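Read off the chains here:
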Amino acid sequence: MKITLYNTLTKNLEEFTPIENNGVRIYSCGPTVYTYAHIGNMRAFLFADLLQRVLRRVGSYTVRWVMNITNIDDKTIRDSQPNSPAWHSALGVQTGDALQDLLALTAFYEREFVSDIAALGIEAKDFYKIPRATDFIEQMQDLLRKIVGNGYGYVADGSIYFNVSEYMKKEHYGKLFHIDMAGFKTGLRIDTDQYEREQVSDFVLWKGRKEKEPYWDFDLDGTNYPGRPGWHIECSAMEECLLGLPFDIHTGGIDLKFPHHEDEIAQSKAGYGIEPTRYWCHNEFLEVEGSKMSKSAGNFWTLRQLIEQGISAIDIRYAMLAAHYRTKYNYTSNGISAAGKARQRLQDYIYAIIVDAPYADVSGEIANDKMVLLKEEVFSALANDLHTPKALAALFSFINANTADSLSVSEKKDFVRLMVDVNAVFNCWHIGMKEDSVDAIPVEVRDLAEQRLAAKQAKNYAEADRLRSEVLAMGYKIKDTKDGYEVSLSD
Ligand code: AMP
Ligand code: ZN
């Protein structure tokens, strides 16, 4: 099925066409790992997960999805300094070596991030080979040399800046954020990673070494400029190295449009002579009482805080998917619990139906006309700019109009087949017998177990064994049963 996406660059809904036949390459700006991610951040990662799932399962594309880990920037350096109040007691004693301390702090929060996204059912198999910014310093330096060599970068006070006015002579700076640069004052420079549009000026590419901060030597035309990368250059170099340019889709929250993504376009064009991507896709904010949830505003919840309050990760996942990614989502605990009830209604319907149509018995195509139409409705909503609320509305109007008892056995089998496909995108339900469902089992594990069953049914035993080991590595075991399988904690 053809997929339509809203492209921030053109401000239009566009039919998606991949650059290479059948293979889609996506880059998502990942977390800055100086503390726990909050659920506003998670909305951005859930959106990227939804996008790649829709491309795979609705668009039938293979997908290469890269999400980076920002483990060096202003904040990670600030919080890994000796005596930083943010240095987590669990991390133990600092070594006093700025780079070692930075790597220890960020490795800790990276592990926490990976466990959070697993709990949220994000299909992170591809980017589990996590690309960390500090592992790509050489590639960043290569890009810097290109930018300076092409006349778009200059040295000032030991740092290297991007020359925006030089760039504007040939290119359109502001094309993504749709800003008019008419009043741009030349010669101003900004050193921070984040800045407002009013401050737009030459931005920093490489920050000269500061005492007690991590640094790398950087040879530029025979002179050493010890320092460390600016935030924007990290993504530009990593996406070129990991995906090649241009790649298909770049994602992030809308706050990244400017300056981060605008600067990524400028760096890429100035250095490699090519823009990073054709489709820029951004999710709207998760808000609290009308303001963006953010660490700096202090109005945030982390996933683990919500789990401690008794809210389940799967309900959070569902609540976020029930809103369209381009609308603001106002977080309230009542909203999550209402979403949880809706999710459970569909879950109960699946349980009522699956008694007559066991999961293990439903391979094959959907046959009944009304179920073919329902699938068409759900999948075309997803294909239309990932319209999850419309897809869910179609499912709910079906279950409102058809009690579980009113369906024939063949319709029940079709409904389970449909939900297997729907769940490959939503990953919010247990498609199995009620008594087999163990809420404590993470959706990620259940997903792997279901993939293993599919591999077994396809007689791909090597893959089935590999998936079983993957589940085992996550602390769970799979036991085959007459009707399929059971998953439980490994002993
Ligand atoms: P950070 O870890 O701050 O670099 O942010 C990671 C991702 O979270 C980026 O894509 C941000 O745009 C996104 N983000 C931050 N706050 C929110 C929010 N309140 N709602 C939605 N996305 C957000
Ligand atoms: Zn980025």
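Note that the coordinates shown come from a computational prediction; the quantities given were computed from them, not determined experimentally. (Residues numbered from 1 in each chain as written. Chains lettered and ligands numbered in written order. Predicted model: local features only at pLDDT ≥ 70, side-chain atom pairs only at ≥ 80, totals over all residues. Heavy atoms only, no water.)

Peer 1: What exactly am I supposed to notice about the sheet that holds strand 12 (residues 247-253) here?
Peer 2: The pairing of strands in a sheet happens through backbone hydrogen bonds and is either parallel or antiparallel. The parallel open sheet is built from 4 strands, whose spatial order is 4-3-12-13. Two strands bound the open sheet, and with one partner strand each, they are strand 4 (62-67) and strand 13 (277-283). Geometrically, the sheet is characterised by an average inter-axis angle of 25 degrees between neighbouring strands, direction not taken into account. Sheet topology places strand 3 (residues 23-28) next to strand 4; 6 bridges connect them, and they run parallel. Following the sheet pairing, Val24 is matched in strand 4 by Val63. Relative to strand 3, helix 6 (residues 231-243) is tilted by about 160 degrees, and along the sheet it contacts strand 3, strand 4 and strand 12. (Pairing = 2+ DSSP bridges. Helix = DSSP H or I, 4+ residues; strand = E, 2+ residues; numbered from the N terminus. Axes fitted to C-alpha atoms, helices over the stretch in contact; angles between N-to-C directions. Contact = heavy atoms within 4.5 Å.)

Peer 1: Just checking my understanding: could you explain the domain arrangement of the protein for this structure?
Peer 2: By a widely used convention, the size of an interface equals the accessible area lost when the partners come together. According to the domain assignment, the protein consists of domain 1 (304-426) and domain 2 (438-489). A C-alpha centroid distance of 22 Å is found between domain 1 and domain 2. (Domains from an automatic or database assignment.)

Peer 1: Please explain the coordination of the zinc ion (ligand 2) as it appears in this structure.
Peer 2: In ideal tetrahedral geometry, four donors around a metal make angles of 109.5 degrees, whereas ideal octahedral geometry with six donors gives angles of 90 or 180 degrees. In the first shell of the zinc ion (ligand 2), the protein supplies Cys29 (SG), Cys235 (SG) and His260 (NE2), at 2.1 to 2.2 Å from the metal. Each donor residue of the zinc ion (ligand 2) lies on the same chain, and together they follow the pattern C-x205-C-x24-H. With a gap of 206 residues between them, Cys29 in the loop between strand 3 and helix 1 (39-57) and Cys235 in helix 6 connect regions that are remote in the sequence. For Cys29, a relative accessible area of 8% translates into the label buried. Using a relative accessible area of 1% as the deciding quantity, one classes Cys235 as buried. (Donors = N, O, S within 2.8 Å, 3.2 Å for Na, K, Ca; no water. Buried < 20%, exposed > 50% of the residue type's maximum accessible area, 1.4 Å probe, protein only.)

Peer 1: Is there a simple way to think about the packing of aromatic side chains in this case?
Peer 2: Working definition: an aromatic ring pair is given by the centre-to-centre distance plus the angle between the planes. This structure, assessed with the given rule, holds 18 aromatic pairs. Ring centres of Phe16 and Tyr61 lie 5.8 Å apart, and the angle between their planes is 90 degrees; this geometry places the pair in the edge-to-face category. Linking Phe16 in the loop between strand 2 (12-15) and strand 3 with Tyr61 in the loop between helix 1 and strand 4, this pair joins segments that are 45 residues apart in sequence. The residues Phe16 and Tyr61 share a single accessibility class, namely buried. Arranged with centres 5.4 Å apart and planes meeting at 65 degrees, the rings of Phe162 and Tyr167 form a pair that is edge-to-face. Residue class for Tyr167 comes out buried when judged on its relative accessible area of 2%. Taken together, the ring pairs connect Tyr152, Phe162, Tyr167 and Phe203 into an aromatic cluster. For the cation-ring pair, Arg326 lies above Tyr6, with the distance from its terminal atom to the ring centre recorded as 4.1 Å. (Phe/Tyr/Trp six-rings, centres within 6.5 Å; stacked < 30°, edge-to-face > 60°. Lys NZ or Arg CZ within 6 Å of the ring centre and 35° of its normal.)

Peer 1: What is the right way to read the site of ligand 1 from this model?
Peer 2: Around ligand 1, the structure places 19 residues, and the nearest of them are Thr32, Gly253, Asp255, Leu286 and Met293. Met293 is positioned with one of its backbone polar atoms (N or O) 2.8 Å from a nitrogen atom of ligand 1. Contact with the protein chains removes 93% of the 500 Å² of surface that ligand 1 exposes when unbound. Among the secondary structure elements, those contributing two or more residues to the shell around ligand 1 are helix 1 and strand 12. In terms of residue count, the dominant contributor to the shell around ligand 1 is helix 1 (4 residues). Per-class residue counts for the shell around ligand 1 are 7 nonpolar, 8 polar and 4 charged. (Near = heavy atom within 4 Å. Polar contact = N/O pair within 3.5 Å; in protein donor to acceptor, adjacent residues only side chain to side chain. Areas by Shrake-Rupley, 256 points an atom, 1.4 Å probe, with all protein chains shown as cover. Nonpolar A, V, L, I, M, F, W, Y, C, P; charged D, E, K, R; others polar.)

Peer 1: Sorry if this is basic, but what is going on with the environment of Tyr27 here?
Peer 2: Inspection of the secondary structure puts Tyr27 in strand 3. Among the residues examined, Tyr27 registers a relative accessible area of 0% and is labelled buried. Placed 212 residues apart in sequence, Tyr27 and Glu239 show a C-alpha to C-alpha distance of 6.7 Å. The contact partners of Tyr27, leaving out residues within four places of it in the chain, are Val66, Asn68, Cys235, Met238, Glu239, Leu243, Phe247, Ile249, His250 and Thr251. Within the structure, the side chain of Tyr27 is placed 3.5 Å from the side chain of Asn68, a separation counted as a polar contact.

Peer 1: In this structure, what is going on with the sheet that holds strand 14 (residues 286-288)? I would like to understand it.
Peer 2: Strand order in the open sheet formed by 3 strands is 15-14-16, and the pairing between neighbours is mixed. What marks the edges here is a single partner per strand, and that holds for strand 15 (291-292) and strand 16 (329-330). Two strands pair when backbone bridges link them, and strand 14 and strand 16 are joined in this way by 2 bridges, in the parallel orientation. Within strand 16, the residue paired with Leu286 across the bridge is Tyr329.

Peer 1: What should I look at first to understand unusual backbone geometry in this one?
Peer 2: Glycine aside, negative phi is the norm for most residues, and most peptide bonds take the trans geometry. Between Leu245 and the following residue, Pro246, the backbone shows a cis peptide bond with an omega angle of -15 degrees. Relative to the elements of secondary structure, Pro246 occurs in the loop between helix 6 and strand 12. Backbone geometry places Asp157, a non-glycine residue, at a positive phi of 50 degrees. Of note, Asp157 is situated in the loop between strand 5 (153-156) and strand 6 (159-162). Its identity as a non-glycine residue notwithstanding, Leu386 has a phi of 55 degrees, on the positive side. Considering the arrangement of structural elements, one finds Leu386 in the loop between helix 11 (369-383) and helix 12 (388-401).

Peer 1: Would you mind going over the environment of Tyr61 with me for this structure?
Peer 2: The exposure class of Tyr61 is buried, given its relative accessible area of 11%. Distance from Tyr61 to Asn21, taken between C-alpha atoms, is 8.8 Å for residues 40 residues apart in sequence. Once you skip the residues sitting within four places of it in the chain, Tyr61 turns out to touch Ile3, Phe16, Pro18, Asn22, Val24, Leu55 and Arg56.

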